[in-house]
Amino acid sequence: MFTRFRKEPPRQAGPSADFGQKPEPSTQEARPRDEAPAAAALRRAARVPPVSTQPAVSERERKRRQRLLELRSELHTRLLNTLNLAAIDTASEAELKAEIAAIVAEALAEMNVPLSAEERAQLNQDLFFDVRGLGPLEPLLKDETVTDILINGPHKVYVERNGKLELTDVCFKDERHLMRIIDKIVTAVGRRVDEANPYVDARLPDGSRFNAMIPPIAIDGSLVSIRKFRKDKLTVDDLIRLGAFSEEMALYLEAAVATRLNIIVSGGTGSGKTTTLNALSSFIDPSERILTIEDTAELQLQQPHVGRMESRPPNVEGKGAVTQRDCLRNALRMRPDRIIVGETRGDEVIDMLQAMNTGHDGSMTTIHANSARDAVSRLENMVALAGIDIPLRALRAQIASAVNVIVQASRLSDGTRRLVSITEITGIEGDIITMQEIFRFERTGIEPSGRIIGHFTGCGIRSHYHERFRRWGYDLPSEIYNEVSPPR
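This structure is a prediction, so every number in the text was calculated from the model and none was measured.

Trainee: Sorry if this is basic, but what is going on with the pairing of strand β9 (residues 306-310) here?
Mentor: Both faces of the sheet carry side chains from a regular strand, because those side chains alternate between them. Burial of β9 is one-sided: the residues Gly307 and Met309 facing one way are buried, the residues Val306, Arg308 and Glu310 facing the other way are not. Both strand β8 (residues 290-294) and β9 contribute to a ladder of five bridges, which runs parallel. Within β9, the residue paired with leucine 291 across the bridge is glycine 307.

Below you can see the structure in the form of structure tokens.
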């Protein structure tokens, strides 16, 4: 069946992988003969349940699971030797699954390996993922509840659901299996990873951000992190409903973006900075020309006039790198109304500040920092690390003139993500940049379940840009800045 997917048999017989032969001794020992009927309750290797509260699996079950992983590896090798890989690319999913099932059935009969119907179906599915997809990662990538996939070596795969990390039953056979999947990902986007270049930052076809670090830098096995890309962008209404910020804060942010204030979204890793930036971009007028600059493209702007740029690492010879600073400098010559930098982390900071000060108001970026004051310090440190010799007073004056609003995002201990503060930069007095907090999230307690109790409130201070808002047609009521008592 489907003979166009089979390779032509070699003209001369020679040594090849024959699954009718006796397995290696270590493989044979890993599967006692009396163990075959005991797999009905076996958790499938690629299933993605949360951390189980059941007792640890028995030694018998553990050996059975290891044997299935070895069996899958052997069958995968057989598939590579049997299938015509050139024809696979044009085959439909149904045709390829039928061909894999036929080859697996033939191989299992030769090897005299009994499997239950459930195990056989799962094995066929896993092999399809190995051939066409990313192996054990495919079920996790398809799971809508998973936001992050974190791999600590071939036998420990964690996921994040609802802001909490969970250990899964997903695992790779060994380090070589994991490295094969890593190579498959990075090769598809023209990157490489090896001992000479042991780390890589790439993007999956669906836009998910991929980062890997391999041995010898990663001591206990390759380290992989995948930040999944949301196909449906969260809107401002969605974030309000999820409790990320209040309606009053949304009203203020709409006015700030529409009146072209320069905004920095600050926060830690995984705090929701990019999600917040995407939501804020919805307030930009569709008639404006926007240029985005990122290391790994994640922004999902819905405006019709958007130019997207992505930096590029050096090639094998160490040449050809295109940095965010290169993109930013070129963007200034492309007549942008606004410039959005996905994350400011290096010497592009000085060009970003100059762009905000030279007619490209309304620009936005994100930065890693724990508070608004820390964000300003980070800007100063990045300018210093870039080797730019500028007096501190002049630098702070430029920051105070360029940046108008700092939005602080945070991931709380219960896994929820919230905008915990909105702060305005009002100017500079002496050598000190002056700020005023407009909104904040006030924690009032914690439930026994660990859930944070709190509410959003104004700080009782009217916006420094109130008159600017009014002149642009956004006459915000003064009541939105009032302090709110905690609900009883």
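Text resumes after the structure shown.
Trainee: Please clarify how the packing of helix α12 (residues 348-357) against helix α13 (residues 372-385) should be interpreted in this entry.
Mentor: Relative orientation and spacing of two packed helices are given, respectively, by the angle between their axes and the distance between those axes. Put simply, α12 and α13 touch, their axes get as near as 8 Å, and they point 120 degrees apart. When the axis of α12 is compared with that of α13, the two are oblique. Of the residues in α13, those touching α12 at Val349, Ile350 and Leu353 are Leu379, Met382 and Val383. Its residues placed into classes, the contact of α12 with α13 shows six nonpolar, no polar and no charged.

Trainee: Quick question: what am I supposed to make of helix α9 (residues 247-258) here?
Mentor: Quick reminder: α-helices carry 3.6 residues per turn. Residues three or four places apart thus point the same way. Under the 1.5 Å per step criterion, the end-to-end length of α9 is 16 Å for twelve residues, consistent within 8% with the ideal 16 Å. Within α9, burial applies to Met249, Ala250, Tyr252, Leu253, Ala255, Ala256, Val257 and Ala258. Just downstream of α9 lies arginine 260, where phi reads positive at about 65 degrees.

Trainee: Is there a simple way to think about the sheet that holds β8 in this case?
Mentor: Note: strands within a sheet are paired through backbone hydrogen bonds, in either parallel or antiparallel orientation. Read from one edge to the other, the open sheet built from nine strands follows the order β9-β8-β10-β11-β7-β12-β13-β14-β15, with strand pairing classed as mixed. Each edge of the sheet is formed by a strand with only one pairing partner; in this case those strands are β9 and β15 (452-458). Ignoring which end each strand starts from, the neighbouring axes of this sheet average 25 degrees apart. Sheet topology places strand β13 (residues 417-429) next to strand β14 (residues 432-446); eight bridges connect them, and they run antiparallel. Looking at the pairing, isoleucine 428 lines up with isoleucine 433 of β14. Relative to the sheet, helix α10 (residues 273-281) contacts β7 (263-267), β10 (338-341), β11 (364-368) and β13, its axis offset from that of β11 by approximately 165 degrees.

Trainee: Help me understand the nonpolar core, please; the structure alone is not making it clear to me.
Mentor: Most often, soluble globular proteins have nonpolar side chains that are buried together. In terms of nonpolar packing, the biggest core is built from 41 residues, with Tyr252 and Phe469 touching the most fellow members. Considering every element that reaches this core, the biggest residue donor is α9, with seven residues. Setting aside anything within four residues of it in sequence, one finds phenylalanine 469 in contact with Tyr252, Ala255, Ala256, Thr259, Leu261, Ser463, Tyr474, Asp475, Leu476 and Tyr481.

Trainee: Looking at this structure, how should I read the packing of aromatic side chains?
Mentor: The relative placement of two aromatic rings is captured by the distance of their centres and the angle of their planes. Applying the stated criterion across every chain, the model contains four aromatic pairs. An aromatic cluster is defined as three or more aromatic residues linked by ring pairs; in this entry it consists of Tyr252, Phe439, Phe469 and Tyr481.

Trainee: What's the story with the pattern of salt bridges in this structure? I'm lost.
Mentor: A side chain with one charge may pair with a side chain of the opposite charge, provided their charged atoms come close. Counted according to the given criterion, the structure contains 25 salt bridges. A salt bridge links aspartate 351 to arginine 325; the nearest nitrogen and oxygen atoms lie 2.5 Å apart. Residue aspartate 351 is found in helix α12, and its partner arginine 325 is found in helix α11 (residues 324-331); the two are separated by 26 residues along the sequence. Per residue, the accessibility class of aspartate 351 equals that of arginine 325, and both read buried. For arginine 393, the salt bridge goes to aspartate 431, with nearest N and O atoms at 3.7 Å. Pair noted here: arginine 393 is in helix α14 (residues 392-402) and aspartate 431 is in the loop between β13 and β14, with a separation of 38 residues, a long-range link. A single network of salt bridges, built from pairs that share partners, joins Arg260, Glu288, Arg338 and Asp361.

Trainee: Can you walk me through the side chain of asparagine 278 in this structure?
Mentor: Relative to the elements of secondary structure, asparagine 278 occurs in helix α10. For asparagine 278, a relative accessible area of 4% puts it in the buried group. In this view, asparagine 278 contacts Lys233, Glu298, Leu299, Gln300 and Leu301; residues no more than four positions away in its chain are not counted.

Trainee: Would you explain the sheet that holds strand β3 (residues 164-167) in this entry?
Mentor: As summarised here, the arrangement of the six strands in space is β3-β2-β1-β6-β5-β4, forming an open sheet in which the pairing is antiparallel. Strand pairing shows two members of the sheet lacking a second neighbour, β3 and β4 (199-203), which therefore form its edges. Across the sheet, the mean angle from the axis of one strand to that of its neighbour is 15 degrees, orientation sign disregarded. Note: strand β1 (residues 148-152) against strand β6 (residues 223-227), five bridges, orientation antiparallel. In the strand pairing of β6, isoleucine 149 is matched with isoleucine 226. Packed onto the sheet, helix α7 (residues 175-188) meets β1, β4, β5 (209-213) and β6 and runs at close to 135 degrees relative to β5.

Trainee: Looking at this structure, how should I read the pairing of strand β12 (residues 405-411)?
Mentor: By the criterion of burial, β12 is predominantly enclosed, with five of the seven residues buried. Across four bridges, the pairing between β7 and β12 is parallel. When the sheet's bridge partners are listed, isoleucine 264 is paired in β12 with isoleucine 406. Note that β12 and β13 share seven bridges and pair antiparallel. Counterpart to glutamine 408 in the pairing with β13 is serine 421. In this antiparallel pair of consecutive strands, β12 and β13, the connection spans five residues, and glycine 415 shows a positive phi of 90 degrees.

What counts and how
Numbering of residues starts from 1 in every chain and runs along the sequence as written. Totals for whole chains, interfaces and linings use every residue, but because this is a predicted model, local features are given only for residues with pLDDT of at least 70 and side-chain atom pairs only at 80 or more, for both listing and counting. As a convention, hydrogens and water are excluded, and side-chain values are obtained from all of the structure's heavy atoms. For every residue, the accessible area (1.4 Å probe, protein chains only) is compared with the maximum for its type, and the residue is labelled buried under 20%, exposed over 50%, or partly exposed between those bounds. We count a stretch as a helix when DSSP gives it H or I for four or more residues in a row; a strand needs E for two or more, and each element gets its number in order from the N terminus. Should DSSP find at least two bridges between two strands, the strands are regarded as paired. Axis definition: a line fitted to C-alpha atoms, over the contacting stretch in the case of helices. Angles run 0 to 180 degrees between N-to-C directions. In this scheme, roughly parallel covers angles under 35 degrees and roughly antiparallel covers those over 145, while 65 to 115 is roughly perpendicular and the rest are oblique. Contact between two residues is taken to exist if any of their heavy atoms lie within 4.5 Å; hydrogens are not considered. Side-chain classes are defined by residue name, with Ala, Val, Leu, Ile, Met, Phe, Trp, Tyr, Cys and Pro counting as nonpolar, Asp, Glu, Lys and Arg as charged, and the others, Gly among them, as polar. An expected span of 1.5 Å times one less than the residue number is assigned to each helix. Throughout this description, the term nonpolar core refers to a set of buried Ala, Val, Leu, Ile, Met, Phe, Trp, Tyr and Cys residues connected via side-chain atoms within 4.5 Å. Aromatic contacts are taken between Phe, Tyr and Trp rings whose centres are within 6.5 Å, Trp giving its six-membered ring; a plane angle under 30 degrees counts as stacked, one over 60 as edge-to-face, and the others as tilted. Whenever a carboxyl oxygen of Asp or Glu lies within 4 Å of a side-chain nitrogen of Lys or Arg, that contact is scored as a salt bridge.

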